[in-house]
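Commentary on secondary and tertiary structure
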Amino acid sequence: QVQLVESGGGVVQSGASLRLSCVASGLTFSRYAMGWFRQAPGKEREFVAVISWIGLSTYYADFVKDRFNISRDNPKNTLYLEMNNLQPEDTAVYYCAAGSSIQTVQGLAPKYWGQGTQVTVSS
């Protein structure tokens, strides 16, 4: 059974930083492109960032604006999202996901999803 478990969310003030983690089990982690998505109240889920199998390629949504960094540690089956200079508009539930390719992840069609971790940024 595949599980993706996110952690690291919380309540922070504007300008703060957080690092999200996603631990994967039940799959060969190094064979999946991994991504982060978010969903704010009343809005659709949107793509945030994606990283290739061994981390050589990364892509970000435009609104990231060099504030976020996605990385992975394959021996630890863990995906990370370093978020800096957080703003109130970054408030959302953040999800990690696993897909067969960068394209499937960016296209919001990954194979597996985590349950999400809440990030709340106050002004």
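Up top is the structure these notes are about.
All of the points below concern the structure found in this document. (Residues numbered from 1 in each chain as written. Predicted model: local features only at pLDDT ≥ 70, side-chain atom pairs only at ≥ 80, totals over all residues. Heavy atoms only, no water.)

Comments concerning the pattern of salt bridges
Per the counting criterion, the structure on display carries 3 salt bridges. Linking D90 and R38 is a salt bridge whose minimum nitrogen-to-oxygen distance equals 2.9 Å. On the criterion of sequence distance, the pair formed by D90 in the loop between β8 (78-83) and β9 (92-99) and R38 in strand β4 (residues 33-39) is long-range, its members being 52 residues apart. For the pair formed by D90 and R38, the shared burial category is buried. With a shortest N-O distance of 2.7 Å, D90 and R67 are connected by a salt bridge. Highlighted residues: D90 in the loop between β8 and β9 and R67 in the loop between β6 (58-60) and β7 (68-73), separated in sequence by 23 residues. The class for R67 is buried, based on a relative accessible area of 13%. (Salt bridge = Lys/Arg side-chain N within 4 Å of Asp/Glu carboxyl O. Helix = DSSP H or I, 4+ residues; strand = E, 2+ residues; numbered from the N terminus. Buried < 20%, exposed > 50% of the residue type's maximum accessible area, 1.4 Å probe, protein only.)

Structural notes on the pairing of strand β1 (residues 3-7)
Residues L4 and E6 line the buried face of β1, whereas the alternating positions Q3, V5 and S7 sit on a face that is not buried. As paired elements, β1 and strand β3 (residues 18-25) share 5 bridges and run antiparallel to each other. Bridge assignment links S7 to a residue of β3, and that residue is S21. (Pairing = 2+ DSSP bridges.)

With respect to the state of the cysteines
Enumeration according to the criterion identifies 1 disulfide in this entry. Note on cysteine connectivity: C22 is disulfide-linked to C96, with sulfurs 2.0 Å apart. Judged by the sign of its S-S torsion, about 45°, the bond between C22 and C96 is right-handed. Residue C22 is located in strand β3, and its partner C96 is located in strand β9; the two are separated by 74 residues in the primary sequence. Per residue, the accessibility class of C22 equals that of C96, and both read buried. (Disulfide = S-S within 2.5 Å.)

A few points about the packing of aromatic side chains
Following the criterion strictly, the structure yields 3 aromatic pairs and no others. Considering the side-chain rings of F37 and F47, the 5.9 Å spacing of their centres and the 70° angle between planes classify their relative orientation as edge-to-face. Residue F37 is found in strand β4, and its partner F47 is found in strand β5 (residues 46-51); the two are separated by 10 residues along the sequence. For F37, a relative accessible area of 0% puts it in the buried group. Among the aromatic residues, those joined into a cluster by ring pairs are F37, F47 and W113. Seen from the ring of Y95, R45 lies directly overhead, with NZ or CZ sitting 3.7 Å from the centre. The ring centre of F29 lies 4.4 Å from the NZ or CZ of R72, which sits over that ring. (Phe/Tyr/Trp six-rings, centres within 6.5 Å; stacked < 30°, edge-to-face > 60°. Lys NZ or Arg CZ within 6 Å of the ring centre and 35° of its normal.)

Here's the deal with the pairing of β5
Side-chain direction in a regular strand flips from residue to residue, so the side chains alternate between the two faces of the sheet. A large share of β5 lies buried, amounting to 5 of its 6 residues. Here 5 bridges tie β4 to β5, and the two strands are oriented antiparallel to one another. Its bridge partner lying in β5, F37 is registered against F47. Hairpin connection between β4 and β5: a loop of 6 residues separates the two successive antiparallel strands, and G42 in this loop has a positive phi of roughly 80°. Across 3 bridges, the pairing between β5 and β6 is antiparallel. Residue pairing across strands places I51 opposite T58, the latter belonging to β6.

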